[in-house]
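If you want the building blocks of each chain, they are given just below.
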Amino acid sequence: MKVTKAVIPAAGLGTRMLPATKTVPKEMLPLVDKPVIQYIIEEAVSSGIEDILIVTNRAKSAMDDYFDFTPELEDRLIASNKFDELETVRKTAEMANIFYVRQRETKGLGHAVSRAKHFVGNEPFAVLLGDDVMMSKVPVTKQLIDAAEKYGAAAVGTQRVSPDAISKYSSLKVTPIEGRVMRVSDMNEKPRPSEKFSDYPILGRYILTPEIFEILESTPPGHGGEIQLTDGLRRLLGVREMVAVDFEGVRYDTGNLKGFLEATIDFALAAPDIGDWLRSFLRAKAEALGL
Ligand code: G1P
């Protein structure tokens, strides 16, 4: 099972990050020195993905521009001998083959993924949610691809969350197979506490097979009146084995302010050029605050 295509749903309205996201797509907010979407694309590329489809909406053209060439800026950088900066801006336009499709209507994650049908064709593919940024040694998408290949199965990423948090996510019914891999036999979206199968939700990464498209076409609206990918995956279980990978790494929900700030601090601490400075700044700050 070779996975070379990925789909990034990025058509959300960003209402949890207003007013910043009123005119700037939430995927374009900077985490340290790169927009959120670039971390997602770098993860995909370092997992072996070559072709990426971003599902956007009409307010997201800043994203297409970002992954394009910028001749005026590049000419200016060449003229002033700023070759490092030139390489940085060039790199973003050459990272992968990036394609776009508009979701047109905001009808849910399942509907956004269904827009990738023609792009995907008849191959397995990865889905990376635009809000979920990962920090890990082995890219999380690669961890999922390895498990999907080993078991000839679809795969979802997971990590246990606290019992009171599961209702914000989805809940998986799982049984251990080996190591960090579990078999999935059922799931539901945004379960009430009494409805949950476990405290393992799906967290932002999926390896899916093309049967999902036909399934999504006939999946009725679910939670929140939207077409839920989770409802489609539940039906995919009827034709495909599925595994859940308790992935190694830290996941940040950059679609809300606290998650965004956590990611900003952790990625800045890990950045070679700014990490040491931030450490001493935080130390001084903690002391000043008596922490
Ligand atoms: C989506 C998915 C949900 C998943 C979550 C985190 O929910 O529908 O199953 O657990 O992302 O990756 P949302 O955050 O869009 O409400």
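The sections below set out a description of the structure shown in this document. Model, not experiment: these values are computed from the prediction.

1. Thoughts on the packing of aromatic side chains
The geometry of an aromatic ring pair is captured by two quantities: the separation of the ring centres and the angle between the planes.
Now for step 1: Evaluated as defined, the whole model comprises six aromatic pairs.
Now for step 2: Both rings, one in Trp-277 and one in Phe-281, keep their centres 5.4 Å apart while their planes meet at 15 degrees; by these two values the pair is stacked. Taken as a pair, Trp-277 and Phe-281 lie in helix α11 (residues 275-288) at a separation of four residues, close to a single helical turn.
Now for step 3: Phe-281 gets classed as partly exposed once you look at its relative accessible area, which sits at 38%.
Now for step 4: Among the aromatic residues, those joined into a cluster by ring pairs are Tyr-39, Tyr-252 and Phe-267.
Now for step 5: Positioned above the aromatic ring of Tyr-39 is the side chain of Lys-34, whose terminal nitrogen or guanidinium carbon lies 4.6 Å from the ring centre.
Now for step 6: The ring of Phe-69 carries Arg-90 above its face, with NZ or CZ at 4.2 Å from the centroid.

2. Overview of α11
Now for step 1: If you check α11, its first and last C-alpha atoms are 20 Å apart, about what 14 residues at 1.5 Å a residue would give, namely 20 Å.
Now for step 2: Within two residues after α11, Gly-290 carries a phi angle of roughly 70 degrees, on the positive side.

3. What to know about the environment of Gly-152
Now for step 1: With respect to the helices, strands and loops of the structure, Gly-152 is situated in the loop between α7 (140-151) and β8 (154-158).
Now for step 2: Beyond its immediate chain neighbours, meaning those up to four positions away, Gly-152 contacts Met-1 and Arg-240.

4. Here's the deal with the site of the ligand
Now for step 1: Taken together, 13 residues are adjacent to the ligand, and Ser-170, Glu-189, Lys-190, Ile-202 and Gly-204 come closest.
Now for step 2: A distance of 2.8 Å is found between an oxygen atom of the ligand and a side-chain nitrogen or oxygen belonging to Ser-170.
Now for step 3: The separation between an oxygen atom of the ligand and a polar side-chain atom of Thr-230 is 3.4 Å.
Now for step 4: For the ligand, whose free accessible area comes to 390 Å², the fraction covered by protein is 76%.
Now for step 5: For the shell around the ligand, the class distribution of residues is five nonpolar, four polar and four charged.

Parameters and conventions
- Residues numbered from 1 in each chain as written.
- Predicted model: local features only at pLDDT ≥ 70, side-chain atom pairs only at ≥ 80, totals over all residues.
- Heavy atoms only, no water.
- Phe/Tyr/Trp six-rings, centres within 6.5 Å; stacked < 30°, edge-to-face > 60°.
- Helix = DSSP H or I, 4+ residues; strand = E, 2+ residues; numbered from the N terminus.
- Buried < 20%, exposed > 50% of the residue type's maximum accessible area, 1.4 Å probe, protein only.
- Lys NZ or Arg CZ within 6 Å of the ring centre and 35° of its normal.
- Expected span 1.5 Å × (residues − 1).
- Contact = heavy atoms within 4.5 Å.
- Near = heavy atom within 4 Å.
- Polar contact = N/O pair within 3.5 Å; in protein donor to acceptor, adjacent residues only side chain to side chain.
- Areas by Shrake-Rupley, 256 points an atom, 1.4 Å probe, with all protein chains shown as cover.
- Nonpolar A, V, L, I, M, F, W, Y, C, P; charged D, E, K, R; others polar.

Keep in mind these values describe shape, not function.
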